[in-house]
Amino acid sequence: MMQDIWIAPLLKEGKDNFDNPVNEYGEPYKISGVKLNSLNGSVEFYEFGERIKHMAKALLPMYAYHGVINEKDKAYLYGINPDNEKVYGSKANYRIDTVRPQGVKLLVYFERIK
């Protein structure tokens, strides 16, 4: 099933006074018509372990998103969107774990935020 996803780009990583991570995200942008797939198979299990239960992947066109989508960006998947969000990235339910070139496509792995 094709769906719309949103990506909030990571602008700046930092830490607060208590050494907790505090990241700043940019305004989310929409990508339409994305087919999200769950992870399965021994190769992905070998690489990600039990995390595959909380992950998704998608193939996106390289010409449009290479260098635009990056690891640690936040994502809004499965019907979640940034509407009425006061702080960019606060309503995101996934983060981008890995972005891998695959010929003319980018293979993007998303991990659910707990």
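Residues numbered from 1 in each chain as written. Predicted model: local features only at pLDDT ≥ 70, side-chain atom pairs only at ≥ 80, totals over all residues. Heavy atoms only, no water.

> I'd love a proper account of the pattern of salt bridges, names of residues and values included.
Summed over all chains, the structure comprises 10 salt bridges. Between Glu-44 and Lys-57 there is a salt bridge; the shortest N-O distance is 2.8 Å. Taken together, the residues span a long stretch of sequence, with Glu-44 in helix H1 (residues 42-48) and Lys-57 in strand S6 (residues 55-61) at a distance of 13 residues. The same class applies to Glu-44 and to Lys-57, which are both buried. A salt bridge links Arg-95 to Glu-111, with the shortest nitrogen-to-oxygen separation between them at 3.0 Å. Of this pair, Arg-95 sits in strand S8 (residues 94-102) while Glu-111 is found in strand S9 (residues 105-112), placing the two residues 16 residues apart along the sequence. You can call Arg-95 partly exposed: its relative accessible area is 30%. Of the residues examined, Glu-111 reaches a relative accessible area of 11% and is grouped as buried. One continuous salt-bridge network, built from bridges that share partners, spans Arg-51, Arg-95, Asp-97 and Glu-111. (Salt bridge = Lys/Arg side-chain N within 4 Å of Asp/Glu carboxyl O. Helix = DSSP H or I, 4+ residues; strand = E, 2+ residues; numbered from the N terminus. Buried < 20%, exposed > 50% of the residue type's maximum accessible area, 1.4 Å probe, protein only.)

Everything listed is a geometric property; what it means functionally is a separate question.
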